[in-house]
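Secondary and tertiary structure notes
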Amino acid sequence: MPFISNTPQQQKQMLAEIGLSMDELFGDIPKELMAKSFELKEGLSEQQVRNQLTELASKNSIGLTCFLGGGFYDHFIPAVVQAIVSRSEFYTAYTPYQPELSQGTLQSIYEYQSAICRLTDMEAANASLYDGGTAIYEAIMMALRITKRNKVIIDNSVNPIYRVMVDTYTRNLKIELQQTENKEGLANREQILEKLDEETGAVILQNPNFFGCIDDFTDIAQAAHEKGALLILSCYPISLGILKTPGDMGADIVTGEGQSLGMPLCFGGPYIGFMASRKKFVRKMPGRIAGQTKDQNGKRAFVLTLQPREQHVRRAKATSNICSNEALCALSAIVYLSLLGKQGLKETAQCCADKASYAYQRLTKIPNVKPHFKTNWFFNEFVLDLPSEAPEVIARLIERGLAAGFPLSRYYKGMENSMLICVTEQRTKQEIGILAENLESVL
Amino acid sequence: MKLIFEKSVKGRKSFQITKNEVVKSINIKPELLRKENAILPELSELDVVRHFTELSRRNFGVDTNFYPLGSCTMKYNPKVAELIASYTGFAKLHPLLPQLRIGGMLTQGALQVIYDTDMLLREITGMAGFTMQPLAGAHGELTGMMIMAAYHNDKGNDKKTVLIPDSSHGTNPASAATAGFKVKSIKTNQYGVMDLESLKDAVNDDVAGLMLTCPNTLGLFNPHIREICDLIHSVDGITYYDGANLNAIIGKARPGDFGFDIVHLNLHKTFATPHGGGGPGSGPVGVNEKLLEYLPVSVVVKRKDGTYSLQYDKPKSIGYIAPFYGNFSVILKAYIYILMLGAKGLQRVAENAVLNANYIREKLKKYYHLPYEGICKHECVFSASKQLQENGIHAIDIAKALIDKGFHPPTVYFPSIVKEAMMIEPTETESKETIDAFINAMIEIAQLAKSDPEKLKAAPTTTPISRPDETAAAKNLDIANL
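Each chain has its residues counted from 1, running along the sequence as written. In the order they appear in the text, chains get letters beginning with A and ligands get numbers beginning with 1. Whole-chain, interface and lining totals are the exception, using all residues; otherwise, since this is a predicted model, local features are given only for residues with pLDDT of at least 70 and side-chain atom pairs are given and counted only at 80 or more. Excluded from the side-chain calculation are hydrogens and water; included are all heavy atoms of the structure.

Attention now moves to the overall build of chain B. A count of helices and strands for chain B gives 15 helices and 12 strands. The C-alpha atoms of chain B give a radius of gyration of 25 Å, which matches the 23 Å a tight globule of 482 residues would have. Taking the principal axes of its C-alpha atoms as reference, chain B extends roughly 80 × 60 × 45 Å. For each residue, the accessible area found with a 1.4 Å probe, counting protein chains only, is set against the maximum for its type, and the residue is called buried under 20%, exposed over 50%, and partly exposed in between. In chain B, which comprises 482 residues, the proportion classed as buried is 68%. Every helix listed is a DSSP run of H or I at least four residues long, and every strand listed is a run of E at least two residues long, numbered separately from the N terminus. Both definitions apply: the radius of gyration is a C-alpha atom measure, and the globule rule equals 2.2 Å times residues to the power 0.38.

Moving on, we come to helix 8 (residues 160-170) of chain A. For helix 8 of chain A, a buried count of nine out of 11 residues is recorded, marking the element as mostly surrounded by other parts of the structure. Turning to helix 8 of chain A, its buried residues are Pro160(A), Ile161(A), Tyr162(A), Arg163(A), Met165(A), Val166(A), Thr168(A), Tyr169(A) and Thr170(A). For helix 8 of chain A, the secondary structure elements touched by its buried residues are helix 7 (132-147), strand 3 (151-155), strand 4 (176-180) and strand 7 (253-257) of chain A together with helix 5 (137-155) of chain B. Two N or O atoms count as a polar contact when they lie within 3.5 Å, although within protein this holds only if one can serve as hydrogen donor and the other as acceptor, and sequence-adjacent residues are included solely when both atoms are side-chain atoms. Where helix 8 of chain A starts, the residue carrying a side-chain oxygen 3.0 Å from the main-chain nitrogen of Ile161(A) turns out to be Asn159(A). Contacts are residue-level and defined by heavy atoms, with any inter-residue pair within 4.5 Å sufficient.

Take the domain arrangement of chain B next. Residues and elements named next belong to chain B. What marks off one domain from the next here is an automatic or database domain assignment. If you check the domain split of chain B, you get domain 1 (82-339) and domain 2 (348-458). Distance between the C-alpha centres of domain 1 and domain 2: 31 Å. Of the residues lining the interface, 23 residues belong to domain 1; the matching set on domain 2 comes to 18 residues. By definition, the buried area sums, over both parts, the 1.4 Å-probe accessible area that each loses when the two are put together. Around 1500 Å² of area is buried between domain 1 and domain 2 when both sides are counted, 64% of it from carbon and sulfur atoms. The salt bridge criterion pairs a side-chain nitrogen of Lys or Arg with a carboxyl oxygen of Asp or Glu, the two atoms within 4 Å. Where domain 1 meets domain 2, there are one salt bridge. As a salt-bridge pair, Lys252 and Glu351 come within 2.7 Å of each other at their nearest N and O atoms. Taken together, the links from domain 1 to domain 2 amount to four residue pairs in polar contact (both at pLDDT 80 or more). Taken together, the residues that form the side of domain 1 that touches domain 2 break down as nine nonpolar, 12 polar and two charged. Under the convention adopted here, Pro, Cys and the residues Ala, Val, Leu, Ile, Met, Phe, Trp and Tyr are nonpolar, Asp, Glu, Lys and Arg are charged, and Gly plus all remaining residues are polar.

Quick look at the structure:
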């Protein structure tokens, strides 16, 4: 079923009108370059493909109760989000190069940028980046352009999935990546201050960090600024419903994974990287930016602005190579944030924190289950130490219908028995109880 | 139209959170909390729905209008793919699940989608293996350039220059530079393809590789493609195929057979996944045998027992370029599209895309200057130079006049090697009637350029706004409502 509109008769008619045969239309491809093989099955009907894919979907287990987080969260998504992003006026459009017929997309991006700024307490935001990891990489490149330096410090409490990505992207670029080892689950201030010098372009931290711990980086921002370096802060947008803002801490560039703002988990994507900064840095920012202006009649209008930073104008000298970003995901985010509103986001964040603290109390009552970091505040994730290796315990709990958490040994030495547990507002008291009972019985 | 923030009414709520039945047991200390709530809108659900529905009506999409935006392949996006991607078996799947012991067995369907799509793309392109992870076309380019760098590092080659024709997409030089290479631009010859002599002059031991789009941004197929690949290989360079325009040759010819080492595809172009107003996209990268070991981790592999798993153990891999396995639901939609079209369907895609483009080329060449004659592939590039010279009408005026006639304009001012360029890509999904209507509109505009040029300069008049002041936007820089 090729979705082609022309009938064979029309095809013939068109060929006749231009005086060419189909073979002649491909006559510019040398014969020896024609495909050597093209062995695909016969096309399927809609009915066949739906049956086939329904079967594949059923091979994925979605019945597990989810306590998995690690930067990717099972939050509730109101039906309105899907209803709006399913409007094909949005999803079948392309990048709004022609503003007169793209005011819908452009205004939604402007509103998204505004909401991201309000959430993070920053002054400028772009239209989106691919994900939270590439957003950190882009923030590093931006910070190094601003400071004209080549050294960055990253604490290992930053999501390890993002740290390995940053490693890949910076490998050939003569950038010195210095890693510090978290101290008791928090960014290691001693090591950061020791490494921070006049060649440091940026310090990269995360709040809440990968272990779920909450910190206040005001002191590190000050220390970085004294040395002429910037603070890049990756954050979890739902937590900003209640937590101290990156702007308040003095962060210069704020990034994060926006999946929690109304996007399904969807086996890893599409997600959205957000980026915000101080306004003075905006000309060094990567990606699309929507701006407000007026049309010829003085009416409010929105356009893509500061395009001379971008690849289609600057080519090799652009601030980034990004072209397609995650515009439709930005729409999800702004619809989600508009629906939850001022009060709803706070309540959602508070509910996550309350349920996580309840789960923490409940689970640490199990004999031989102990908190890994005893003294820290956490948002909706925390680390527990089990009496045996976590991967095995988690496997046993999967058999009982629970995705109980993420084993930290995959990324951290000496944490073989540690498990990261996440509790969103979706989890119920009963589900937390079931987790506790099952964990106790498999140990 | 008001901003959503301007519609806010103090105390109005739409979202109701489920009653929290647990008792708060830990209070986060106040110093770690935000001082004031984030100032988000206070609206009812109807307010929100009406606002965004109104915004949607201020947009053109493929579903509402013919959208011949050159180089972007704005074809119809099948609804069944949207439906299937929303199945909870796919949409609710946590990406960390297969990284847990026995968790992989609970994601077999999703892993198979990725594996099968990889296999199908191999056959479609003639490459030896793909990574499905790149999250957009330009992300694929960057991945490809990092693979190129890894190859040369591994072989101990000290090569810094990447050759790119001046007709390339802007992302090509940007991606090469982002990966740490120097870019050298190669000019286009009088026939509209990369000049072979200039290329020969530029090829030396410092050349790490070449990035080429074929057919190029003029819609022209370079007949010397094999010779070009041989030339680059003669200095141990890597040939990179920008597959943005694969729609023109799919099922007919394969970049792997041409001699390309790396290929990226845009699933949101050739494989009919929606563009989303500027993403999400997906840009899988395929390589030939000699580069397989450098592909990013993880890779989905099929075990002997027929099950699928993730492989991480690849010592020469460039590493991790995405958090997980790519933009999964985009890959899924492309997979559905390929399954539905099959071999014959995909061949018909190329045939009708090329036929529609050549039909427009033939019908409009009397009215607009065609800088490069001859058969084109998926798109044709005209210039408004005649209208500019005779009547002071620019490509942008023609573009805006098309809007009033109900069409999305072609890509204008690109490729930059054509003055006043208008790059028209109709795609295969459009019918003769639609294309005839577009051609008639273009002819009427050419006539208006002579009879009433002021009317064209005033266009568009049917849209929610008239032409916006872009200079003021950059100067005043209002990019967030705070």
